[in-house]
Amino acid sequence: MDLNGKAKELLEAGDVKVVLGFEPGTAGVRRPAFVRKAGRTGRLVFDAACTQNLASYVTRKEVKRLGKVALVARPTTLRALLQLMAERQIQEQDILPLALDAAGQVVELPTAQAIEEHLALESSEIPARDRELLDRLGRMTRQERWDFWQGELSRCVKCYACRNSCPMCYCEHCTMDCNRPQWVPVPSHGLGNLEYHMVRSMHLAGRCVQCGDCGRACPVGIPIHLLTFNAEETVHAQFGQRAGASAKLDYALSTFRPDDKETFIR
Amino acid sequence: MTDTFEPKITAFVCNWCTYAGADLTGTSRIKYASNVRVLRLPCTGRIDFMLLAKAFARGADGIIISGCHPNDCHYTSGNYHARRRWMVYRNLMDFMGIDTGRITFSWVSAAEGAKWAELVNEVTAGIRAKGPYTEYQELAHAGVE
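Residue positions are counted from 1 within each chain, in the order its sequence is given. Each chain takes a letter, starting from A, and each ligand takes a number, starting from 1, following the order in which they are written. With pLDDT at 70 or above as the cut-off, local features in this predicted model cover only qualifying residues; side-chain atom pairs require 80 or more to be listed or tallied, and sums for whole chains, interfaces and linings still use all residues.

Enquirer: Please clarify how the sheet that holds strand 4 (residues 103–107) of chain B should be interpreted in this entry.
Expert: Hydrogen bonds between backbone groups are what pair the strands of a sheet, and the pairing can be parallel or antiparallel. All names here are of chain B. Between any two strands, pairing holds if DSSP finds at least two bridges. Numbering of helices and strands starts at the N terminus; helices are DSSP runs of H or I of at least 4 residues and strands are runs of E of at least 2. Taking strand neighbours across the sheet as the criterion, the 4 strands line up as 2-1-3-4 in an open arrangement whose pairing is parallel. Each edge of the open sheet carries a strand with a single partner, namely strand 2 (36–41) and strand 4. Along the sheet, successive strands turn relative to each other by an average axial angle of 20°, direction set aside. Both strand 1 (residues 9–14) and strand 2 contribute to a ladder of 6 bridges, which runs parallel. Bridge pairing in strand 2 places Phe12 opposite Leu39. Under this scheme, a helix contributes an axis fitted over its contacting stretch, all axes are lines through C-alpha atoms, and angles between N-to-C directions fall in the 0 to 180 degree range.

Rendered as structure tokens:
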């Protein structure tokens, strides 16, 4: 069944209270749409321009209050949902991910197990463009990397769009907003930007599902998603786990193995 | 300037092993470089990654982080958790272009007074060769008036 037909059916049956998908916005942009009535389903679209990770909405109080949510999900959205389940932020009975196959037909994924099985068929590789940039940064000297990031971060205005777009940044009280004591400087000067992005990346290490939404949300085009990708890749390489791989995943930095191998402690 | 440069080393150490180890260095009358400022924390697991960034921002040229050897943690597993955190954070800092060569991680037990002296001397010499971490310190002062 196609997306609009499935949304109509789900809302008519009444089990799902809201269908979260995309609708055409202005200038070819696709914006998130919350459809709550069966009669209003015709406007949903799904194409390559629908890039936003809708999983960032399902942890919000005002969305949870609506009832069970069916949401259009890309592989990265599904990984975010699994990670949120692993972190006990959502339960599988509260959501119904709708994956679309190549023909535009809806595949319902009602359980965490169904999501895991669906994801097993998908690639977990990051986009080629990001891989290329990561490799290029990896080949640079330390000084060049410093200059690269200082140049990029100098444009940061600390709008926190990266934080707000992230499905994993759901804390009600973010340490960035904590001003007693002031831990991370508020102004978007050199140190404030560096420390903010450092904290953001570390808080997402082992939790980033590599959807890249932070980078897309950035209004000044800083490739900040590479920072969290880097932290995530370290976790994967060192501890052999990837965020969003399963609904039963221990947080990499609050567990340990006595034989974790490092090369730098004397 | 360089010939009068004295490195500032900040050492984050755990209360149970390295702090006691550094104490032993003193009671054993072993002399070592006085460039180190020791900050005692309950456990290496308590050493928040941001403390390192804060030390650099406040003018440290080098950082020592030290605690109990694996299996020796007073709280059983604090150092194992810390180790994982550093593995990720060290890579991230390097990726952001921060000089990880200025940060030395070590396990120093309460019995290793000599190792502590040796560690501090080595790090001090290393940082003396590298010079002050002006790059980071300039960043910390830029825009703050």
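Enquirer: Looking at this structure, how should I read the interface of chain A and chain B?
Expert: Many structure descriptions define interface size as the accessible area lost when the parts assemble. Residues are treated as contacting if the C-beta atoms built from their backbones sit within 7 Å of each other. The interface of chain A with chain B comprises 33 residues on the first partner and 32 residues on the second. Sorting the residues of the side of chain A that touches chain B by element identifies helix 6 (142–153), helix 8 (190–204) and helix 10 (225–239) of chain A as the ones contributing at least two each. Of the residues forming the side of chain A that touches chain B, the biggest block, 8 residues, is contributed by helix 8 of chain A. Per-class residue counts for the side of chain A that touches chain B are 20 nonpolar, 7 polar and 6 charged. Three residue categories are used. Nonpolar comprises Ala, Val, Leu, Ile, Met, Phe, Trp, Tyr, Cys and Pro, charged comprises Asp, Glu, Lys and Arg, and polar comprises the others, including Gly.

Enquirer: Can you walk me through the pairing of strand 2 (residues 30–35) of chain A in this structure?
Expert: On a regular strand, one side chain projects to one face of the sheet and the next to the other, so that they alternate. All names here are of chain A. For strand 1 (residues 18–24) and strand 2, the ladder comprises 6 bridges, and the chain directions are antiparallel. When the sheet's bridge partners are listed, Phe22 is paired in strand 2 with Pro32. Where strand 1 hands over to strand 2, the hairpin turn is made up of 5 residues, of which Ala27 adopts a positive phi near 55°.

Enquirer: Mind showing me how you'd approach helix 4 (residues 112–120) of chain A here?
Expert: Three or four residues apart is the spacing at which side chains of an α-helix point the same way, because the helix has 3.6 residues per turn. Residues and elements named next belong to chain A. Buried within helix 4 we find Ala112, Ile115 and Leu119. Seen from one end, helix 4 has its buried residues packed into an arc of 60°, which puts them on one side. In helix 4, those exposed residues whose orientation departs by more than 90 degrees from the buried face are Gln113, Glu117 and Ala120. The secondary structure elements touched by the buried residues of helix 4 are helix 3 (75–86) and strand 4 (95–100). The burial criterion counts other C-beta atoms lying within 10 Å of a residue's C-beta, which is placed from the backbone; the residue is buried at 20 or more, exposed at 12 or fewer, and partly exposed between these limits. Throughout, the arc means that of the directions going from the helix axis to the C-beta atoms.

Enquirer: Would you mind showing me how to read the nonpolar core here?
Expert: In summary, soluble globular proteins display a tendency toward joint burial of nonpolar side chains. Membership of the largest hydrophobic core comes to 117 residues, with the highest contact counts inside it found for Val19, Ala70, Leu71, Leu81 and Ala231 of chain A. In terms of residue count, helix 3 (residues 78–96) of chain B provides more of this core than any other element does, 9 residues in total. Of the domains in this structure, domain 1 (3–120) and domain 2 (128–254) of chain A are the two that each give at least three residues to this core. Those residues in contact with Ala231 of chain A that lie beyond four places of it in its chain are Ser201, Met202, Leu204, Ala205 and Cys208 of chain A together with Val88 and Leu92 of chain B. We define the nonpolar core as any set of buried residues of the types Ala, Val, Leu, Ile, Met, Phe, Trp, Tyr and Cys, connected via C-beta atoms lying within 7 Å of each other. All domain edges in this entry derive from an automatic or database-based domain assignment.

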